[in-house]
Amino acid sequence: MPLLTAFNRQCQTTPDTIAFIDGDRQLSYRQAGQLACRLGACLMHGQVPRPRVIIALERGIDAAIAILAALNAGACYIPLDLKNPPNRLNYIIADADAQTIIGKGRRPDWLEAPVPWLDIGHPPLAENAGPPAITADDAPAAILYTSGSTGMPKGVVLSHRAMRNFADWAAVTFKISTTDTIASLAPFHFDLSVFDLFSSLSVGATVNFVPSNLTLSPSRLTAWLAQHRISIFYTVPSLLSFIALKGNLPTPPLPHLKTVLFAGEVFPARQLQTLCGLLPATNFYNLYGPTETNVCCYWPVERERLQSGHPIPIGHPACGAILQIDGTTGELIVHSANNLSGYWQQGKLRPALTTDNGYRTGDKVSLNGQGEYCYHGRLDRMLKCSGHRVEPAEIETVILQHPEVLSCAVVGITDSTSGQRPAAAIVLKPDATLEQIVKPVKQQLPAYMHPCKFIALGSMPCLANGKTDYGALQQLLENS
Amino acid sequence: MKKKLRDFIFQELVFVTDPKRFGDDDDLLEAGLDSMGIMRLIMFIENEHGVTLPDTEIEPDNVRSLNALEHWILRHKKE
């Protein structure tokens, strides 16, 4: 059954319920369904050879309609992070090999690839909008680009089956119904948005897009949550910590907010405890899983067990996943209907699963005395920076492109609020200076990948086997 | 006061190659100060200066530059 079947049914059964609110603009399910069909019909013509549509729109109603249109046309959607520098966007666009880019206004100057540009403000007049395309369960529904360990971004391909499995599980587990209003803050290239869009729309709930400037002002954000009677909010721990610290919660605190879900990074127990104290009537859930598996483990927060300095568990299997721990390394292996179909690279689907369809997460886990899974960090070099996944190799690739650089290494240093931040050690050619490197490197990387420190070294510290000594580098960068 | 703010911001929150050339009115948000950085900065200011910065005043215009930050802190120091 295609991912949008449940949404299209809601358009028939609850046509007058509000589907989307975006500032002053709102759409009922009927209106959203009609717009998505009409725009979808503009896409069908060129659909057959490359059933992929790039979404070059900021989070909001237009982007949501573009996504629904792509899916109705039988294509998968590829959301761009428009805050990425042009070189990274152009790489992803070329790699995706899509039929169309849906954006707003005229075609931007930075766009290199000759992909047709469709202005959502002025879509071409479509012929009759037919019924939604019949899509196979294993056809791709979305490709979410993430940082790649080979130094280039890579696309995680999620099938209709995988996304529906997660959306349905979440709708049932968190008891979402047509009376709920969900705050949508995660950008669409983040997997948190799969919940915001598809769990909500499948049961006839309302999606209200949080104005993006509110994240800099926690008290205005909480006032907004109160004013719009938000009942469910799925976001990252760092933002929730900011609310705990400076949210200026009204009394009674957010009476409509029944459920808060968080994922993407570790939530320190002390901050979570503060937040739980401020919101006594809200249920909290820790959701865990890389983009490749979406949520595979979850823990309904037990307030009485929160203890400062004791990491919270990631909990029990979710979405029908079967979890397995590698006996030698402690690595978590996930068998789930949510699992990715593979990685999209250079116009092709490349396998990513083990022979029995498991996904090796690269995360080290263990079981505690209560039979809950606990997370112990990465087995490889991947970093988590304010909920963003960052592969040091991608930053190194950009730094190494500069002719003044002989070698470089990027490691994560600890940061009390962002979790980790990348820091770079660079060996320069004689006479070269860091100033020549820093600015161009920053222009080529999204802000969350910017190293928070750069140091110049005479040579890279090495282990006895000649490999870079990342441990020594980390100490050096933490203390510099 | 500005020196301590400068040191904290450029050592901990925002990387610029030459902090000395970063003007007191230059835009910190453009230079990369994000919501998590603002949170750490507020915790630092409250500890360092013994002031409480009201939740309702945490907004871009009060944290945009070193001068804006100083004005904001001074307003609350007097109270």
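Reading the values: rules and limits
Residues numbered from 1 in each chain as written. Chains lettered and ligands numbered in written order. Predicted model: local features only at pLDDT ≥ 70, side-chain atom pairs only at ≥ 80, totals over all residues. Heavy atoms only, no water. Helix = DSSP H or I, 4+ residues; strand = E, 2+ residues; numbered from the N terminus. Buried < 20%, exposed > 50% of the residue type's maximum accessible area, 1.4 Å probe, protein only. Contact = heavy atoms within 4.5 Å. Areas by Shrake-Rupley, 256 points an atom, 1.4 Å probe, with all protein chains shown as cover. Lys, Arg positive; Asp, Glu negative; His and termini not counted. Charge placed at Lys NZ, Arg CZ, Asp CG, Glu CD. Pairing = 2+ DSSP bridges. Right-handed = clockwise from strand over helix to strand, strands pointing away. Core = buried A, V, L, I, M, F, W, Y, C linked by side-chain atoms within 4.5 Å. Axes fitted to C-alpha atoms, helices over the stretch in contact; angles between N-to-C directions. Parallel < 35°, antiparallel > 145°, perpendicular 65-115°, else oblique. Left-handed = near helix turned anticlockwise from the far one by under 90°. Nonpolar A, V, L, I, M, F, W, Y, C, P; charged D, E, K, R; others polar. Buried area = accessible area lost by both parts, 1.4 Å probe. Salt bridge = Lys/Arg side-chain N within 4 Å of Asp/Glu carboxyl O. Phe/Tyr/Trp six-rings, centres within 6.5 Å; stacked < 30°, edge-to-face > 60°. Domains from an automatic or database assignment.

## As for the overall build of chain B
Scanning chain B for helices and strands turns up 4 helices and 0 strands. Of the regular secondary structure in chain B, the N- to C-terminal order runs α-α-α-α. Along the longest, intermediate and shortest principal axes, the C-alpha atoms of chain B span 35 × 20 × 20 Å. A burial count over chain B gives 51% of its 79 residues as buried. The long-range fraction of contacts in chain B, counting pairs at least 24 apart against all pairs at least 6 apart in sequence, stands at 56%. For chain B, the exposed area adds up to about 4100 Å²; of that, 44% sits on carbon and sulfur atoms. With 11 positive and 17 negative side-chain charges, chain B shows a spacing of 7 Å between the two charge centroids.

## Digging into the pairing of strand S26 (residues 453–457) of chain A
Residues and elements named next belong to chain A. The buried fraction of S26 is high, at 4 of 5 residues. Judged from the 5 bridges that link them, strand S25 (residues 419–428) and S26 form a sheet pairing that is parallel. Bridge pairing links Ile-426 to Ala-456 in S26. With respect to chirality, the unit in which S25 leads through helix H11 (residues 434–444) into the neighbouring parallel S26 is right-handed.

## A look at the pairing of strand S24 (residues 405–415) of chain A
All names here are of chain A. Counting buried positions along S24 yields 8 of 11 residues, so the element is predominantly enclosed. Bridge analysis of S24 against S25 gives 10 bridges, and the strand direction is antiparallel. By the bridge assignment, Gly-412 is partnered in S25 with Pro-422.

## A look at the nonpolar core
Formed by 102 residues in total, the largest nonpolar core has its most connected members in Phe20(A), Phe195(A) and Phe198(A). A total of 10 residues in this core trace back to one element, the largest contributor, which is helix H3 (residues 61–72) of chain A. Sequence-distant contacts of Phe195(A), defined by excluding residues within four places in its chain, comprise Phe166(A), Ala170(A), Phe174(A), Ile176(A), Ile182(A), Ser200(A), Ile232(A), Tyr234(A) and Leu261(A). Ranked by size, the runner-up nonpolar core spans 28 residues in total, among them Phe10(B), Leu13(B), Leu53(B) and Ile73(B).

## Here's the deal with the sheet that holds strand S10 (residues 206–209) of chain A
Residues and elements named next belong to chain A. Read from one edge of the open sheet, 9 strands run S2-S1-S10-S9-S11-S12-S13-S14-S15, paired in mixed fashion. The open sheet is flanked by strand S2 (25–28) and strand S15 (316–317), the only strands paired with a single partner. Pairing between strand S9 (residues 181–184) and S10: 4 bridges, direction parallel. Along S10, the bridge assignment pairs Ser-184 with Phe-209.

## Thoughts on the packing of helix H1 (residues 2–13) of chain B against helix H4 (residues 66–77) of chain B
All names here are of chain B. The geometry of H1 relative to H4 is characterised by a closest axis approach of 11 Å and an angle of 125° between their N-to-C directions. Considering their axes alone, H1 and H4 lie oblique with respect to each other. The crossing of H1 and H4 is right-handed. Between H1 and H4, the contacting residues are Lys-2, Leu-5, Arg-6, Ile-9 and Phe-10 on the first element and Leu-66, Asn-67, Leu-69, Glu-70 and Ile-73 on the second. Counted by class, the contact of H1 with H4 contains 6 nonpolar, 1 polar and 3 charged residues.

## Points about the interface of chain B and chain A
The interface of chain B with chain A comprises 21 residues on the first partner and 27 residues on the second. Around 2000 Å² of area is buried between chain B and chain A when both sides are counted, 62% of it from carbon and sulfur atoms. Contact with chain A buries surface across chain B, with Phe15(B), Met36(B) and Met39(B) losing the most and accounting together for 33% of the total. Viewed at the interface, chain A and chain B are joined by 3 salt bridges. The salt bridge involving Asp55(B) is made with Lys246(A); its shortest N-O contact spans 3.6 Å.

## Digging into the packing of aromatic side chains
Residues and elements named next belong to chain A. In the structure shown here, the tally under the stated rule is 15 aromatic pairs over all chains. Geometrically, the ring pair formed by Trp-169 and Phe-174 is edge-to-face, given 5.5 Å between the ring centres and 85° between the ring planes. Taking the relative accessible area as the measure of exposure, Phe-174 reaches 4% and is therefore buried. Between Phe-262 and Phe-267, the ring centres sit 4.9 Å apart and the planes meet at 80°, which makes this aromatic pair edge-to-face. The exposure class assigned to Phe-262 is buried, which follows from its relative accessible area of 0%.

## Points about the sheet that holds strand S17 (residues 331–335) of chain A
All names here are of chain A. Pairing in this open sheet of 4 strands is antiparallel, and the strands run S16-S17-S20-S21 from one edge to the other. Looking at the sheet topology across the chains shown, the edges are occupied by strand S16 (322–325) and strand S21 (373–378). On average, adjacent strands in this sheet sit at an angle of 50° to one another, irrespective of strand direction. As paired strands, S17 and strand S20 (residues 359–367) are joined by 3 bridges and run antiparallel to one another. Across the sheet, the residue bridging to Val-334 is Tyr-359, located in S20.

## As for the domain arrangement of chain A
All names here are of chain A. If you check the domain split of chain A, you get domain 1 (5–377) and domain 2 (383–479). A straight line from the C-alpha centre of domain 1 to that of domain 2 covers 30 Å. Taken together, the contacts link 22 residues of domain 1 with 18 residues of domain 2. Remark: the boundary between domain 1 and domain 2 carries 2 salt bridges. The partner of Glu-292 in a salt bridge is Arg-389, with the nearest N and O atoms 2.7 Å apart. Of the residues contributing to the side of domain 1 that touches domain 2, the split by class is 6 nonpolar, 11 polar and 5 charged.

## Let's talk about the side chain of Arg88(A)
Relative to the helices and strands, Arg88(A) resides in helix H4 (residues 86–96). Setting aside residues no more than four positions away along its own chain, Arg88(A) makes contact with Thr146(A), Ser147(A), Pro153(A), Glu394(A), Pro446(A), Tyr448(A) and Met449(A).

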